[in-house]
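# Breakdown of the fold
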Amino acid sequence: MSFSFPIALGLLLLIPVAIWLGTPLQKYRRGREIASIAIRSVMIALLAAALAGAQITRSTNKLAVVFLIDGSDSVDPVTRDGAISLVREAINGMGLDDLAGVVVFGQRPQVERPVTDSRTLGAVRAEPDGGNTDIAAAVRLALAMFPADAARRIVVLSDGQPTLGDAEAAAQLAAAAGVEISYLPLRTQDAPDVRVTRFEAPSAVPEGQQFDLSLTVVADQATRARIDVLAGGALITSEQVDLREGTNNRTLTLTAQDSGFRDFTVVVEPEGGDGYYQNNQLATFSQVTGPARVLVVGEGAETLYLTAALREAGLTVDEQTARQLPINVAGLVPYESVILANVPADQMSERQMQALQAYVRDLGGGLVTVGGPNAYGPGGYFETPLEETLPVSMKLTDQERQPKLTIAYVIDRSGSMATMGPDGQPLIELAKAAINRSIDFLQETDRAGVATFDSSAYWVAEIQDVANREELRRLVGTLRPSGGTDIRAGLELVARDIVGQPTEAKHIILLSDGLANRGGLLELVSELYAQGGVTLTSVSIGEENELMRDLSEAGGGSFRVATDASTIPSIFAQETVLATRSYIFEEAFTPGLTSRSPIMQSITALPSLQGYIGTTAKDAAQVILRGPEPYRDPVLAAWQYGLGRAVAFTSDATARWGTEWVTWGDFTRFWNQAVRWTITEGGSDTLETRVVMEETQARVVVDARDESGAFLNGLALGVSLVDPALGSQQLTLRQVAPGRYEVTFTPRGEGAYLLSVNGGSDETAIQQMSGWVMSYSREYLASNVPSVLPRVAAITGGAALTDGLAAAFAHTVAARAGSTPIFPLLLLIALLLLPLDIAVRRLLVTRADLTRLATALRLRAKPATDVATGRMAALMDARERARVAIEADEITTAAGTANALRSRLKTQPPAAAPARTAPAPQPELQALDAASTPEPQPAPARNDAPGAPDAPDERSENIGSRLLKRKRDRPANE
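Predicted model only: the values in this text are computed from it and were never measured.

## Some details on the overall build of the protein
Broken down by element type, the protein carries 21 helices and 42 strands. A sequence separation of at least 24 residues applies to 73% of the contacts in the protein between residues at least 6 apart. Carbon together with sulfur atoms contributes 53% to the accessible area of the protein, which is approximately 47,700 Å² in total.

Here's what the structure looks like:
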């Protein structure tokens, strides 16, 4: 027996106390008190053992096996499937008392099946990250799964090439726990592999100077391959090369043309088979030093005057269209600031806007947006990452200046809407997001409805007030794709309800691919526009469609083509703004200066503007210029957004609204100061930043020194980190040594990471941009490193199961003792003893009580026939005893009477002799003689007289009659 909480056994010290308190003081109660003390002592002992967790330990013949299946990328998938089949067969054939569990592991282990006695293993659904192999973590998880009362074995099915963890240390832990580890070796990927093992660039290079990119490619066999080099995501060189077997070193010479932080990526694509595609590319970084560089995004006249002014101010300017905007942050890093000139949101993808947001917020870049008819609200910025970055919001909160609007969304729900967009979402889901964004833009007084069509049409949400937005969103969520395409059915359904709506403006947004019969459609739309004042905007999915264009022209609306399906929500938001006709203000005014700012330094007078886009300033924004009364909308606003800065100018920089501005003498000064205000300056020369990879963790190390080389201590530094998927993290560096600051983070994937270290002290502001590349895992090195499994098995006494898993459930592991808790039984016994203790102390039980109890128990234990027989015997015995007693009583009485008579005769004188006749007999003497002389047994008397009654036979009388007769005959004086 063992105890799980032995300290509770200290309660046994209460037994002497109970004996002392219960010592009997009265002699006649001594026996009962001693019995009570004994019972109480037993109860205390039982309670103490129960509280101590008493358990019985005994050996078992149970075996528990946990199978660890390697799910990393280095194991051939076909081989892995075969290993799973072997495990399934082994579990099906295990012993009756055996148990089995399954763990699938890669970078992290996952429990596929807990340790149970079930003999079936279903489909393996675990999908671990295959980029690494951590056998040690899988072993530790298996150790935690074993039951305590079974012999234990771990069977590892792997190639035995871990990339993380210490497998041998985990094996020593298993050996200490008495767990055997055996293994079944699996085959690794054996296809010929081509991999990039090195790609380097100088850390810094002056602009205009040549530099080398060094590259090393290893090929398992000779093959032809194409090598592409990209800078900022754009291809800068590509060449076909012949790779020989083994190591291939190459050097690419480039000229540093663009100042700023530059990223380079090399991609090798072999023509033949390749073992792993994950190891075919690497990235590197280089800092190109030179004058400040800005990127102007726009087309034609929108950028004509602006780029000229910036170049005149001494800035290096690059120009791009919105569709050329980089899709990753690395492509924006070479620029200190980005200027968007009247760029609509539907010309930018969601990922481009996210990259721009991360560039400003996380890396400290600058952003300037310039207005125009296609910017801000009319440009579809509502609820986009671009709106989040700007100091103004796109929605006007003043409802009085906006006409009430009824808008109906007519959505194609045909089978084509189930196709996937570029971001992996079905088109119907993008349509739902577009409707919801548009509804969010509407005012509470507006009305909206959603109709859908396939081969027929119906209302998803009938036209209603927008006040109940949540209900509208719920109904929109019920849209499902199916059926054909009948645009006319959808428009006819809407036409019946929208004409009579009590609002000033009525608008229809039609979303379809346009693959429908055009019969009667143009006439219907023209009639709605001419007679009901209902305008129609058509959005064609995928490519331009003639029917959709004709419908928008007939309906007096606009025609939009969503070549990139991800822009559909922005298009809907843009068309919702245009339908209100209240966000574009075109009248002459002079902006009013409302706040002091470096942007307006040395500018004393402002020319007039001819128009602007209505927006609402955010709470934290600084409004520098405002529009005319009564609305006083922001014309120039600025704010700090994360680490960067953003400026919004709601008029334009062309001759459309800025006729007098483009000829204004301070035009160049104004735009130079606005752009330079967004460019943050910092003392980056004082920092040296590097990243050290440690298994799955990366450590950022920053060394800070001043110009003389002395350590900079006590700095408050942080690092903003952007990963390849544009996710961001804000980390705080802590000082660990003189001038050294560190922080640890978990990388979220392979690729280029951008780091912006910022902070400093009261005297020094610091900001430095740097980069780090997380290379592919050692999982894809395809090396011939010996398997670690033989050493792991040797540590624990296991072996290689080269003949399969038939021996996995062999009972060769030392049996373990199993413990069964018995405290419930002990508590029950103590509970049953409690009434016995009370009875001993309160009840008096004599020996006669015990005898009667024993007799009753014996009688109760006999069969029914025996009981009846016993009762008859008892009755007969009682009758015989009564007869004997009566006879004895009669003899005694007769003797007494005779003696009395003799006494009287002696005292009386003798009488005269009577005549010689026979004397009459005396009754007393007759009775005496009858009592003293045995009565003869005469033959039965015959009564010959007819009708005479028979004389009674005295022997036939029962005892009761004889007793009564004797009582009557007894003299009264006796």
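More follows now that the structure is in view.
## With respect to the nonpolar core
Residues Val 329, Val 338, Leu 340, Leu 367, Tyr 376, Tyr 381 and Leu 386 are the most contacted members of the largest nonpolar core, which totals 50 residues. Looking at this core, the elements that each hand over two or more residues are strand E15 (281-289), strand E16 (293-297), strand E18 (337-341), helix H7 (350-361), helix H14 (568-580), strand E32 (634-641) and strand E33 (644-649). In contact with Leu 340, not counting residues within four places along its chain, are Val 297, Met 348, Leu 356, Leu 367, Val 368, Thr 369, Val 370 and Leu 386. Counting 37 residues, the second largest nonpolar core, distinct from the first, contains Val 296, Leu 315, Ile 599 and Ala 674.

## Thoughts on helix H11 (residues 487-498)
Over its 12 residues, H11 extends 16 Å from the first C-alpha to the last, a length consistent with the 16 Å expected when each residue adds 1.5 Å. Among all positions in H11, only Ile 487, Ala 489, Gly 490, Leu 491, Leu 493, Val 494, Ala 495 and Ile 498 are buried.

## Some thoughts on the sheet that holds strand E3 (residues 63-70)
What the 5 strands build is an open sheet, ordered E5-E4-E3-E6-E7; its pairing is mixed. The open sheet has two edge strands with one neighbour each: strand E5 (109-116) and strand E7 (180-185). Across the sheet, the mean angle from the axis of one strand to that of its neighbour is 15°, orientation sign disregarded. Taken together, the 7 bridges between E3 and strand E4 (residues 99-105) define a ladder with parallel strand orientation. Bridge assignment links Asp 70 to a residue of E4, and that residue is Phe 105. In this fold helix H4 (residues 135-145) packs onto E3, E4, E5, strand E6 (151-158) and E7, with an angle of close to 25° to the strand it touches most, E5. Docked against the sheet, helix H16 (residues 789-796) engages E6 and E7, running at close to 155° with respect to E7.

## Some thoughts on the side chain of Thr 650
By the secondary structure assignment, Thr 650 is in the loop between E33 and helix H15 (667-677). In terms of polar contacts, Thr 650 uses its side chain to reach the backbone carbonyl oxygen of Pro 634, at 3.0 Å.

## Observations regarding the packing of helix H6 (residues 301-312) against H15
Contact pair H6 / H15: the axes reach a minimum separation of 9 Å and the direction vectors enclose 80°. Here H15 runs roughly perpendicular to H6, going by the angle between their axes. Residues Tyr 305, Leu 306, Ala 309, Leu 310 and Glu 312 of H6 pack against Phe 667, Thr 668, Trp 671, Asn 672 and Val 675 of H15. Residues belonging to the contact of H6 with H15 are distributed by class as follows: 7 nonpolar, 2 polar and 1 charged.

## Overview of the pattern of salt bridges
Under the defined criterion, the tally for this structure stands at 36 salt bridges. One salt bridge in this structure joins Arg 195 and Asp 220, with 3.3 Å as the shortest N-O distance. On the criterion of sequence distance, the pair formed by Arg 195 in strand E8 (residues 194-200) and Asp 220 in the loop between strand E10 (210-219) and strand E11 (223-231) is long-range, its members being 25 residues apart. Overall, Arg 195 belongs to the buried group, its relative accessible area being 10%. Overall, the relative accessible area of 31% leaves Asp 220 in the partly exposed class. With its nearest N and O atoms 3.0 Å apart, the salt bridge here joins Glu 269 to Arg 226. Of this pair, Glu 269 sits in strand E14 (residues 260-270) while Arg 226 sits in strand E11, placing them 43 residues apart in sequence.

## A look at the sheet that holds strand E9 (residues 204-206)
A sheet is described by the order of its strands in space; here 5 strands give the open sequence E9-E15-E14-E11-E12, paired in mixed fashion. In the strand order of this sheet, the two ends are held by E9 and strand E12 (234-243), each with one partner. Strand-to-strand twist across the sheet, computed as the mean angle between neighbouring axes with direction ignored, equals 25°. Summarising the sheet, E11 and E12 pair through 9 bridges and their orientation is antiparallel. Within the sheet, the bridge partner assigned to Arg 226 lies in E12 and is Gln 240.

## Quick notes on the confidence of the model for the protein
For the protein, the mean per-residue pLDDT works out to 83, and 86% of the residues sit at or above 70. The low-confidence segment residues 911-956, where pLDDT is below 50, has 12 contacts with residues more than four positions distant or belonging to other chains.

## Quick word on unusual backbone geometry
In the segment running from Glu 629 into Pro 630, the intervening peptide bond is cis, with an omega of 5°. Note that Pro 630 resides in the loop between strand E31 (622-626) and E32. Although it is not a glycine, Leu 726 sits at a positive phi angle of roughly 70°. Relative to the helices and strands, Leu 726 resides in the loop between strand E36 (716-722) and strand E37 (728-732).

## A closer look at H7
Between the first and last C-alpha of H7 there are 16 Å, a value that for 12 residues agrees with the 16 Å anticipated at 1.5 Å per step. For H7, the complete set of buried residues consists of Gln 352, Met 353, Ala 355, Leu 356, Gln 357, Ala 358, Tyr 359 and Val 360.

## A word on the packing of aromatic side chains
The way to describe two aromatic rings as a pair is by their centre distance and the angle between their planes. Tallied over the entire structure, the rule returns 22 aromatic pairs. Both rings, one in Trp 664 and one in Phe 670, keep their centres 6.3 Å apart while their planes meet at 45°; by these two values the pair is tilted. Here Trp 664 matches Phe 670 in class, with each residue buried. Ring pairs connect the aromatic residues Phe 649, Trp 661, Trp 664, Phe 667, Phe 670 and Trp 671, which therefore count as one cluster.

## Remarks on a nonpolar patch on the surface
Together, Leu 825, Leu 828, Ile 829, Leu 831, Leu 832, Leu 834 and Ile 838 give the surface a local cluster of nonpolar side chains, amounting to about 630 Å² of exposed area. Tracing the backbone shows Leu 832 in helix H17 (residues 823-842). We classify Leu 832 as exposed; its relative accessible area is 56%.

Rules used in this analysis
- Residues numbered from 1 in each chain as written.
- Predicted model: local features only at pLDDT ≥ 70, side-chain atom pairs only at ≥ 80, totals over all residues.
- Heavy atoms only, no water.
- Helix = DSSP H or I, 4+ residues; strand = E, 2+ residues; numbered from the N terminus.
- Contact = heavy atoms within 4.5 Å.
- Areas by Shrake-Rupley, 256 points an atom, 1.4 Å probe, with all protein chains shown as cover.
- Core = buried A, V, L, I, M, F, W, Y, C linked by side-chain atoms within 4.5 Å.
- Buried < 20%, exposed > 50% of the residue type's maximum accessible area, 1.4 Å probe, protein only.
- Expected span 1.5 Å × (residues − 1).
- Pairing = 2+ DSSP bridges.
- Axes fitted to C-alpha atoms, helices over the stretch in contact; angles between N-to-C directions.
- Polar contact = N/O pair within 3.5 Å; in protein donor to acceptor, adjacent residues only side chain to side chain.
- Parallel < 35°, antiparallel > 145°, perpendicular 65-115°, else oblique.
- Nonpolar A, V, L, I, M, F, W, Y, C, P; charged D, E, K, R; others polar.
- Salt bridge = Lys/Arg side-chain N within 4 Å of Asp/Glu carboxyl O.
- pLDDT = per-residue confidence, 0-100.
- Phe/Tyr/Trp six-rings, centres within 6.5 Å; stacked < 30°, edge-to-face > 60°.
- Patch = residues over 30% accessible without salt bridge, like charges linked within 9 Å, V, L, I, M, F, W, Y side chains within 5 Å.

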